[in-house]
Amino acid sequence: MPETADTTAFVEDGMSAEKAQDPRETAKRFLRDLMVQKWRLLTIAICLVGAAACSVLIPITIGAAIDEIFSGVKQAVENETVFQVGFETMSAVLIELVVLYVLSAALTFAEEYLVASVAQNFALKLRRETAAKLERLPVAYYDAHQRGDILSRMTNDAKRVADTLQEGITQFITAAATIIGAFVVMVGISVELTFWAFGTVILGLALTAVISSVTYKAYAKSQEALGRFNAQIEEGLTGHATIRAFNLQKESAEKTRAAAEACRKAGLNAQFLTYGVMPVVRFASQFGYVVIAIRGAMMTMSGTITLGDIQAMLQYVDRISEPVSEFAFTIASAQGALASAERIYQLLDEEDEPDLRTNAKVLLEPRGKVEFQKVMFGYEDGAKLFEDVNVVVEPGTMVAIVGPTGAGKTTLVNLLMRFYDPQGGRILVDGVDIRAMGRDELHGILGMVLQDTWLFSGSIADNIAYGRPNATREEIERAARAARIDHFVKTLPQGYDTVVDDELLPMSAGQKQLITIARALLADPPILILDEATSNVDTRTEAAIQEAMAHLMKGRTSFVIAHRLSTIRDADLILVMEAGTIVEQGTHEGLMAAGGRYAELQKSQAAALVA
């Protein structure tokens, strides 16, 4: 984290649900991405339409059977004979029903498998794109956004999109096909009764459209609240030691409860709107059922429609009532998926870290000369940290950067690493502006050891070889010996093959730091940056590391940020910084003789040690 960066202004970031949103454009983009799997979607549609067609034909087939039975009963009564079922006719109907049910089940099975495949592939695509995007985003983006919210976009939002797809595709196509098919058959039976039935359907869909406009905003707020809750959880887990040390468990738990309560309220509102629409639509459909029953009875008595047709119409009304409810539910759920998709798309649309074009310059034999020429920089507009920084560092020089907290020491090396770009001036490496170099090229000649250690879940050997994956075991062990960590590693049961895990393999902060130092030494870059690299080791270990580094830094340009001034007395150049300005520069002896700010820092540290 930059020393002077103020992140409080970014609690509500540019991707907040309170900002203007465009569900229509999100839906278009969503469909474009989904159409990558158009052939699977077409197969799903065919299966669903086929299954819906079977479902539509079943009632009319049953109606035909009822008419056959009714006709037989009527004829038996008229002829005063015993009623007998025509087995030839009825067997054909029964076979037709069995075929329809089996075919419907087979098509549904195929469709369910394909839908699950489409949904999970789509979620995989979003997660892959998000993961790749996170690698391309500038460091400033992570300074300005909560990690928990970023994580929520990649996990929870992607899952919601996949879940809605898996349920929504099936429900939407099935409902549409069933409603259309039922409408066609019902018109063939009775136009009047169809008019009454579908009048209630249109009413239900109109209510759905009204509610859906509110549902989208509710889901956007729900996902935002979930992101804040995840951020609070992540903060509590990472800082649990500090929270306990200051006895702030209650305060932390209260903040978590407040975030969870906000998440609950936002989720409740979104879910209520989603599920609340179904009873309304179902009521409208059931009202149509009553109308059909009454009017159909009147038409049957007048002889304008048969009993079997009435039975078929009632079944169709019953069958379309559920698809209409599902159709409404799917539309409401889709609003949540669109809100989640929009959050992911907003992250994907963030501006990439500026990198080099095809004409990127390459240093074939980097020597390590570094120049800061009239560099100006500020984390915020109108608040400059650096006004006019000028430094020339010759190849093979050890440069120490000292100064109070917030002076700009870490910012200086962050600019060299191109984690940020200056607003004015330029930084040169061997005479080439680093903005004219590809980032891979630049980072290939820079090695960095941060104050905050980072080890991934893998073997110790893999962690040391992180910057050089093709390094041999001998080279890895040589770097470990130089960093004074070899002895500790060999005391472990699996040695260098021991897996790093905070629970299974507890290590001190100093031991972790030594591994990161070994990682930088193995990479063997022309320019080495050590940002408080020895801050987490004891004095004895620090002295051993300094001795090893003094030998290894020969012939290599090194930037060393240190608070303990005793560790940088042998530096070729010492830069003393205050408020973004280099107030002094020179050797230890020269600066002490000058009696300026550096001499004051030395005296204050010496007095602190004596005290």
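Residues numbered from 1 in each chain as written. Predicted model: local features only at pLDDT ≥ 70, side-chain atom pairs only at ≥ 80, totals over all residues. Heavy atoms only, no water.

### Concerning the overall build of the protein
Then, in step 1: From N to C terminus, the protein includes 18 helices and 10 strands.
Then, in step 2: Per-residue burial for the protein yields a buried fraction of 46% across its 611 residues.
Then, in step 3: In the protein, 78% of the contacts between residues at least 6 apart in sequence involve partners at least 24 apart.
Then, in step 4: When the accessible surface of the protein is totalled, it reaches about 31100 Å², and 60% of it is carbon and sulfur. (Helix = DSSP H or I, 4+ residues; strand = E, 2+ residues; numbered from the N terminus. Buried < 20%, exposed > 50% of the residue type's maximum accessible area, 1.4 Å probe, protein only. Contact = heavy atoms within 4.5 Å. Areas by Shrake-Rupley, 256 points an atom, 1.4 Å probe, with all protein chains shown as cover.)

### Things to note about the side chain of Ser152
Then, in step 1: With respect to the helices and strands, the residue Ser152 is situated in helix α5 (residues 147-189).
Then, in step 2: Apart from residues no more than four positions distant in its own chain, Ser152 is found in contact with Asp157, Leu226, Gly227, Asn230 and Arg343.

### Focus on the pairing of strand β4 (residues 424-429)
Then, in step 1: Bridge analysis of strand β1 (residues 370-377) against β4 gives 5 bridges, and the strand direction is antiparallel. From the neighbouring strand, Met376 faces β4, where its bridge partner is Gly424.
Then, in step 2: Bridge analysis of β4 against strand β5 (residues 432-433) gives 2 bridges, and the strand direction is antiparallel. By the bridge assignment, Leu428 is partnered in β5 with Asp433.
Then, in step 3: Joining the antiparallel neighbours β4 and β5 is a turn of 2 residues, in which Asp430 adopts a positive phi near 55°. (Pairing = 2+ DSSP bridges.)

### Comments concerning the sheet that holds strand β10 (residues 581-586)
Then, in step 1: As summarised here, the arrangement of the 6 strands in space is β6-β7-β8-β3-β9-β10, forming an open sheet in which the pairing is mixed. Unpaired on one side and paired on the other, β6 (446-449) and β10 mark the two borders of the sheet. Strand-to-strand twist in this sheet, taken as the mean axis angle between neighbours without regard to direction, amounts to 15°.
Then, in step 2: With 5 bridges connecting them, strand β7 (residues 527-531) and strand β8 (residues 557-561) associate as parallel partners. Among the inter-strand pairings, Ile527 is bridged to a residue of β8, identified as Thr557.
Then, in step 3: Running over the sheet, helix α10 (residues 409-416) touches β3 (398-402), β6, β7, β8 and β9 (573-578) and is turned about 150° from β8. (Axes fitted to C-alpha atoms, helices over the stretch in contact; angles between N-to-C directions.)

### Describing unusual backbone geometry
Then, in step 1: You will see that Arg418, though not glycine, has its phi angle at about 65°, which is positive.
Then, in step 2: The topology assignment puts Arg418 in the loop between α10 and β4.
Then, in step 3: On the accessibility criterion, Arg418 (3% relative accessible area) is buried.

### Things to note about the environment of Leu348
Then, in step 1: Note on placement: Leu348 falls in helix α9 (residues 307-348).
Then, in step 2: A relative accessible area of 13% places Leu348 in the buried class.
Then, in step 3: Linking Leu348 and Ala131, residues 217 residues apart in sequence, is a C-alpha distance of 9.7 Å.
Then, in step 4: For Leu348, the residues in contact, after removing those within four places along its chain, are Arg29, Glu129, Thr130 and Lys133.

### Some thoughts on the nonpolar core
Then, in step 1: Formed by 42 residues in total, the largest nonpolar core has its most connected members in Ile464, Ile568 and Ile574.
Then, in step 2: Broken down by secondary-structure element, the contributors of at least two residues to this core are β3, α12 (460-464), α13 (473-482), α14 (486-490), α15 (509-523), β7, β9 and α18 (597-610).
Then, in step 3: The greatest single-element share of this core, amounting to 7 residues, is contributed by α15.
Then, in step 4: The contact partners of Ile568, leaving out residues within four places of it in the chain, are Met398, Ala400, Val402, Val560, Ala562, Ile574 and Tyr598.
Then, in step 5: In this structure, Val413, Ile445, Leu446 and Phe559 belong to the second largest nonpolar core, which totals 36 residues. (Core = buried A, V, L, I, M, F, W, Y, C linked by side-chain atoms within 4.5 Å.)

### Concerning α10
Then, in step 1: Of all the 8 residues making up α10, 8 are buried; the element is thus mostly covered by neighbouring parts of the structure.
Then, in step 2: All of the buried residues in α10 are Lys409, Thr410, Thr411, Leu412, Val413, Asn414, Leu415 and Leu416.
Then, in step 3: A positive backbone phi angle near 65° is found at Arg418, which sits one or two residues after α10.

### What about the packing of aromatic side chains?
Then, in step 1: Taken as a whole and judged by the stated rule, the model has 2 aromatic pairs.
Then, in step 2: Measuring from ring centre to ring centre gives 5.7 Å for Phe377 and Tyr420, while their planes differ by 55°; the resulting arrangement is tilted. With Phe377 in strand β1 and Tyr420 in the loop between α10 and β4, this pair connects stretches of sequence that are 43 residues apart.
Then, in step 3: With a relative accessible area of 9%, Tyr420 lands in the buried category. (Phe/Tyr/Trp six-rings, centres within 6.5 Å; stacked < 30°, edge-to-face > 60°.)

### Quick word on the pattern of salt bridges
Then, in step 1: Applying the stated criterion to the full structure yields 18 salt bridges.
Then, in step 2: Between Lys159 and Asp163 there is a salt bridge; the shortest N-O distance is 2.7 Å. Placement of the pair is Lys159 and Asp163 together in helix α5, with a separation of 4 residues, close to one helical turn.
Then, in step 3: A relative accessible area of 30% places Asp163 in the partly exposed class.
Then, in step 4: Notably, a salt bridge pairs Arg597 with Glu600, separated by 3.1 Å at the nearest N-O pair. With Arg597 and Glu600 both in helix α18 and 3 residues apart, this pair spans about one turn of that helix.
Then, in step 5: By relative accessible area, which is 29% here, Arg597 ends up partly exposed.
Then, in step 6: The class of Glu600 is partly exposed, set by a relative accessible area of 45%. (Salt bridge = Lys/Arg side-chain N within 4 Å of Asp/Glu carboxyl O.)

### Side note on the sheet that holds strand β2 (residues 386-393)
In a beta sheet, neighbouring strands pair by backbone hydrogen bonds and run either parallel or antiparallel.
Then, in step 1: Read from one edge to the other, the open sheet built from 4 strands follows the order β2-β1-β4-β5, with strand pairing classed as antiparallel. The open sheet has two edge strands, β2 and β5, and neither has a second partner.
Then, in step 2: In the packing of α10 onto the sheet, contacts are made with β1, β2 and β4, and the angle to β1 comes to roughly 115°.

### Section: a nonpolar patch on the surface
Then, in step 1: Taken together, the side chains of Ile180, Phe183, Val184, Val187 and Val191 present a nonpolar region at the surface, about 450 Å² in accessible area.
Then, in step 2: The element contributing the most residues to the nonpolar patch is α5, with 4 residues.
Then, in step 3: The residue Val184 is located in helix α5 in this model.
Then, in step 4: The class for Val184 is exposed, based on a relative accessible area of 56%. (Patch = residues over 30% accessible without salt bridge, like charges linked within 9 Å, V, L, I, M, F, W, Y side chains within 5 Å.)

### Some thoughts on the packing of α13 against α15
Then, in step 1: One way to put it is that α13 packs onto α15 with a least axis distance of 8 Å and a crossing angle of 125°. One finds that α13 runs oblique with respect to α15. At the point where α13 passes α15, the crossing takes the right-handed sense. Contacts between α13 and α15 involve Glu475, Ile476, Ala479, Ala480 and Ala482 from the former and Ala518, Leu521 and Leu522 from the latter. (Parallel < 35°, antiparallel > 145°, perpendicular 65-115°, else oblique. Left-handed = near helix turned anticlockwise from the far one by under 90°.)

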